[in-house]
Amino acid sequence: MPIASSAPLRVLLVEDSVSDAELVVRQLHKGGFEVGYERVENAGQLHTALVKQKWDIVLSDFNLPAIDAAVAMAIVREYDQNMPFIVVSDNIGDDVAVTLMRAGASDYLLKNNLQRLAAAVQREVDNARVRNARHDSDVRFQQLFNLTPVPLAFINQEGDVFDLNARFQQTFGYCPSDLPTIKEWWQLAYPEPNYRRQVVDTWNAAVQAATEQHTDIPAHEYCVSCKSGDLRIMLISGIIIGDSLLVTFFDITERKNTETELKRHIKEAERVRAALLGVLEDQREAQAALRENEARYRLLFAENPVPMWVYDINTLAFIAVNDAAVAHYGYSCEEFYTMGIADLSPPDGQETAQQKSVQADCYGLSGIWRHRRKDGSLLWAEMTGHNLAFEGRTARIVLAQDVTQRLEAEHQLRLSAQVFESSRDGILITDADNKIVSVNKAYTDITGYTLAEVLGKPPNIVSSGKQDKKFYAAMWRSIIADGCWQGEVVNRRKNGELYPQWLSVSVIRNQNGEIFQYIGILSDLSEHHSAQERIQFLSNFDVLTQLPNRARLQDRAQLALASAKRINASVALMYLDLDRFKTINESLGPSIGDQLLKDLSVRLDTQLDSDYTLCRQGGDEFILLLPNTDAEDAAHIARKILDIVAQEFVVGGHRLTLTVSIGIAQFPEDGDTFEQLAQSADAALFRAKQNGRNNFQFFTRQMHEQAQETLQIENELRCALEQNELLLYYQPQVDAKTGKIVGAEVLIRWQHPQKGMVPPGCFIPIAEESGLIIDIGDWVLQTAIQQTAAWQAAGLGIVPIAVNLSVVQFRQDTLYQKVVQALRLSKLDPTLLELELTEGIAMENTERTIGVLNQLHALGVALSIDDFGTGYSSLSYLKRFKINKLKIDQSFVRDLGRNPEDAAIVTAIIGMAKSLGFKTIAEGVETQEQLDFLRGQQCDEIQGYFFSKPIPAEQFAALLRGNRVLGIAN
């Protein structure tokens, strides 16, 4: 089922047939989709629809009068490279389908086989959403990296510098080509050798400590030489991400200059004070100089854009603040002077802040503290300061640089860098000249190339040559014009292996709108294509035997029939069904059966002509398509197949012999479409089964008429159950000596509204074949029991009723429960119910038969074997059956008096029954001569037209009411 969504699926249908479009939409509705769609028939309408709104998916017929699928797909790709595009068409052949898939189609489905349409649409829509989400995430990361207002650099563990952001290049003047590795950075940024050695040692020690302790690299102060020759004082820190290092540069040049200027003025003031103490005669001049220096100092303090304050070291109370502190923290000067430095800390950090504050006993002590503004908002402040004498107090002057944005940017960069490294999609970044400056681990996993191998090289290092110059020219036009491009390409891994990938390229521009970098995101589609190939195989071939399936066969049959029509040739279609294959599965297990089917498939496929198509339809059924084959050749091939199948198989140590039944249909005599030929061959197969199996039969028109009549009867029989057209008739069973009614057999009749009374022989076999016999049998059992109970309630002298059980009923595990329920609902004595089962049913599974008969016997139900003598009974089992009566089949009764063999059989049956303690009843008795013979052999009960034909329930009730003794036919 599709994922729940608040908006309907927006489907654009490229289809000229309204009915076909509605068929597709209905199939999507069946798949659980709410669909909003528009149908277009030509290129103009397609352009208009694509401009008008955004679509989730495009479903296109292959060949329309005004446009075909390839042109439609090209138009769609002009508007959206990522939009799923599925071809839904009649059969167009494997080659054309493969060409469309390679050109960018997401899938291909046949209109006559849309079962997997909903699943295919859901899969492609989900894939498009995932690709768009990944692309947006990676572009946001690169934009954040390049737009961060502090210089940043990515360095891998080998020391390769694989990415620099825009602010880095603006600050230092160096571009990626200037700094391929960190060694070049050391040389350029720290040209003085002694200082460079000091920087390298300090940095390497910090990196090693952070690696071992799994922490970030703390900020260190360095003097960096820019490309222009300017010197910048930087706080440089680092974040370790996997095997890479993200380095952050924070420019504190202006702040250090301010501190230097402050120190200079303080030293000058101290020098003046010393002069005043030493030379009293110059007091006036010294005081003037002191006031001048202090005025400059106060001016520098007051106008500094960085928040500054002075506090008393002993009391921690503020004694001076500048305007920047007032503006940044929100407190007025008067409020500041009533506060101490601990009042700037959040409540949970006051004690720690106070303890750290009093440790300020030397110049340059710094740290990052959490502060709170007057409005309650929090910030991070980087504190630097030194002690001084201020207005006669021991004080400390502090610069509080707000580094909240810098820390948040570093945090975001850390997260983004982790996404970059942990992404399952390959990511590469190039400079404006399309030279690679960075790749992630997934890129290396997919292509096999490391960063060192591709750094500074163009991305076409992985080009396979499968895309020509025109393709790349169009791709770059789209990138420059639209800022992005995405599509499927075939590239080559380092080991030479070709692989399909989904490539997305986006442009990254700087603040001036100039192209700064390109970012490429690539997904390996190898597994996706393998899955598509597997799906394609499963949709055309049988998994067990690897033979074509029915859908594949139908495609080939259509081609063969089209060719035959052009050249006026014949085509034969054979249905093959293995005889009694179910017995092998049940006795030896399904694994032996499956291996036998595979061995048979190989044998047939190798020994039959390669022009023929052998298909496994399912189970033990096969279909063989024979182009350019007339009836004589078809018969020859059928005999050959009978011989091939009859050869012994050895499977799992078992020696097995098979036979096969074959039905044959010919084009054009038996049909001019695959469906018609299939129906005809199936009907011929049914005739072959009826004729004893292990033979072949050609289809005849009579078979078609019989099949049509059978189908009509089956459909009408279903209605008969619903519309109460079925009736029960009762044929009396009488005592052979007295003629008294001792029972009745329940027989079903069908009162058809147009055809009148339909004999059971016309519909019972069809009911058994179709499975309707279960419902009919249940109805007969329940109705007969209810009728008998009604007669008993009416005071009639009721007799046991005999109900026939079909083989399908007897095989059901619910038979016993159904009998119990029917008796319980009617409250009928179980001894008034007799169940008849044929000799064949009883001997089919003797152990199960014994179990079921024991249950019914224990319930009190009488049991009899019907048509006895027509099957094969084992006397050792027969004596174990809990039965009451053997019913002599009418085929033996019919010629009594004329056929000595029938007389001998009947005599033997009666004698055997008496020796086993069974009663006997003879059916089909029609003459006095037959009755006299049976009485002479001491047969217990008689049933037949001599006494009464089957009669409706009302007439049988009249017989019971009159307690009739029957001696002549009614």
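Basis of the calculations
Residues numbered from 1 in each chain as written. Predicted model: local features only at pLDDT ≥ 70, side-chain atom pairs only at ≥ 80, totals over all residues. Heavy atoms only, no water. Core = buried A, V, L, I, M, F, W, Y, C linked by side-chain atoms within 4.5 Å. Buried < 20%, exposed > 50% of the residue type's maximum accessible area, 1.4 Å probe, protein only. Helix = DSSP H or I, 4+ residues; strand = E, 2+ residues; numbered from the N terminus. Contact = heavy atoms within 4.5 Å. Salt bridge = Lys/Arg side-chain N within 4 Å of Asp/Glu carboxyl O. Expected span 1.5 Å × (residues − 1). Arc of directions from axis to C-beta. Pairing = 2+ DSSP bridges. Axes fitted to C-alpha atoms, helices over the stretch in contact; angles between N-to-C directions. Phe/Tyr/Trp six-rings, centres within 6.5 Å; stacked < 30°, edge-to-face > 60°. Lys NZ or Arg CZ within 6 Å of the ring centre and 35° of its normal. pLDDT = per-residue confidence, 0-100. Parallel < 35°, antiparallel > 145°, perpendicular 65-115°, else oblique. Left-handed = near helix turned anticlockwise from the far one by under 90°. Nonpolar A, V, L, I, M, F, W, Y, C, P; charged D, E, K, R; others polar.

Overview of the nonpolar core
Generally speaking, soluble globular proteins have nonpolar side chains that are buried together. By size, the foremost hydrophobic cluster in this structure holds 81 residues, and its most contacted members are Leu717, Trp791, Val819, Leu833, Leu835, Ile942 and Phe956. Among the elements that take part in this core, helix H26 (residues 772-793) stands out by supplying ten residues, more than any other. With residues up to four places along the chain from it excluded, the contact list for Leu833 reads Leu781, Ile785, Ile801, Val803, Val819, Leu823, Val861 and Ala862. Formed by 33 residues, the second largest nonpolar core is a distinct cluster that contains Ile592, Leu604, Leu626 and Ile637.

With respect to the pattern of salt bridges
Going through the model one piece at a time under the given rule, you end up with 38 salt bridges. The shortest N-O distance in the salt bridge between Arg373 and Asp402 comes to 3.4 Å. Here the residue Arg373 occupies a position in the loop between strand E13 (366-372) and strand E14 (378-390), and Asp402 occupies one in strand E15 (residues 393-402), the gap between them amounting to 29 residues. Each of the salt bridges in this network shares a partner with another, and the network as a whole consists of Glu15, Asp20, Asp61 and Lys111.

Structural notes on helix H1 (residues 18-30)
With 13 residues, H1 should cover 18 Å at 1.5 Å per step; its first-to-last C-alpha distance of 18 Å lies within 8% of that length. The set of residues buried in H1 consists of Ala21, Val24, Val25, Gln27 and Leu28. One side of H1 holds all its buried residues, which, seen down the axis, span an arc of 155 degrees. Just downstream of H1, Gly32 is the residue with a positive phi angle, here 100 degrees.

Section: the sheet that holds strand E1 (residues 9-14)
Taken together, the five strands give an open sheet; going across it, the order is E2-E1-E3-E4-E5, and neighbouring strands pair in parallel fashion. On the outer flanks of this sheet lie strand E2 (35-40) and strand E5 (107-110), each paired with one strand and no other. Taking the axes of each pair of neighbouring strands and ignoring which way they run, one obtains an average angle of 25 degrees across the sheet. Both E1 and strand E3 (residues 57-60) contribute to a ladder of four bridges, which runs parallel.

A look at the environment of Tyr37
Considering the arrangement of structural elements, one finds Tyr37 in strand E2. Looking at Tyr37, the relative accessible area reads 39%, which means it is partly exposed. As for Tyr37 and Val11, which are separated by 26 residues in sequence, their C-alpha atoms are 4.5 Å apart. Once residues lying within four places of it in the same chain are set aside, the contact partners of Tyr37 are Val11, Leu13, Val25 and Trp55.

A look at unusual backbone geometry
Residues Phe667 and Pro668 are joined by a peptide bond in cis, for which omega reads 5 degrees. Tracing the backbone through its elements, the reader meets Pro668 in the loop between strand E26 (660-667) and helix H23 (674-690). Even without a glycine there, the phi angle at Asn434 is positive, about 65 degrees. Tracing the chain through its elements places Asn434 in the loop between strand E16 (426-431) and strand E17 (436-439). Of note in the backbone geometry, Asn628 takes a positive phi value of approximately 55 degrees without being a glycine. The topology assignment puts Asn628 in the loop between strand E23 (621-627) and helix H22 (631-646). Looking at Asn628, the relative accessible area reads 54%, which means it is exposed.

Some points on the sheet that holds strand E9 (residues 231-241)
Here five strands make up an open sheet; going across it, the order is E7-E6-E10-E9-E8 and the pairing antiparallel. Pairing within the sheet leaves two strands with one partner each, and these edge strands are strand E7 (161-164) and strand E8 (217-225). Across the sheet, the mean angle separating the axes of adjacent strands is 25 degrees when strand polarity is ignored. Sitting on the sheet, helix H7 (residues 182-189) touches strand E6 (152-156), E7, E8 and strand E10 (244-251), and the angle it makes with E8 is about 55 degrees. Lying on the sheet, helix H8 (residues 193-213) is in contact with E8, E9 and E10; it crosses E8 at an angle near 160 degrees.

Section: the packing of aromatic side chains
Taken as a whole, this structure holds 24 aromatic pairs when the rule is applied. A centroid spacing of 5.6 Å and a plane angle of 50 degrees characterise the contact between Phe168 and Trp185, whose relative ring orientation is tilted. Linking Phe168 in helix H6 (residues 166-172) with Trp185 in helix H7, this pair joins segments that are 17 residues apart in sequence. One aromatic cluster is present, formed by Phe168, Phe172, Tyr174, Trp185, Trp186, Tyr190, Tyr195, Tyr222 and Phe249 through successive ring pairs. Over the aromatic face of Phe250 sits the side chain of Arg406, whose NZ or CZ is 4.4 Å from the ring centroid. Above the plane of the ring of Tyr729 lies Arg749, whose end atom (NZ or CZ) is 5.5 Å from the centre.

Things to note about the pairing of strand E33 (residues 862-868)
Burial of E33 is extensive: six of the seven residues sit out of reach of the surface. Here strand E32 (residues 833-838) pairs with E33 via five bridges, running parallel. Looking across to E33, one finds that Leu835 is bridged to Leu863.

Notes on the confidence of the model for the protein chain
When the pLDDT values of the protein chain are averaged, the result is 84; 89% of them are 70 or greater. Below pLDDT 50 for its whole length, residues 349-365 participates in 30 contacts with residues either more than four positions away or in separate chains.

Quick notes on the packing of helix H2 (residues 43-52) against helix H3 (residues 69-79)
The contact between H2 and H3 brings their axes to 10 Å, and the two run at 25 degrees. Classed by the angle they form, the pair H2 and H3 counts as roughly parallel. Relative to H3, H2 is oriented so that their crossing is right-handed. Side by side, H2 and H3 meet where Ala43, Leu46, His47, Leu50 and Val51 of the first sit next to Ala72, Ile75, Val76, Glu78 and Tyr79 of the second. Among the residues making up the contact of H2 with H3, the classes are represented as eight nonpolar, one polar and one charged.

Focus: the packing of helix H25 (residues 760-770) against H26
Running from N to C, H25 and H26 point in directions that differ by 115 degrees, and their axes come no closer than 5 Å. Contacts between H25 and H26 pair Ile764, Ala767, Glu768 and Ser770 from the former with Leu772, Ile773 and Ile776 from the latter. Residues of the contact of H25 with H26, tallied by class, amount to five nonpolar, one polar and one charged.

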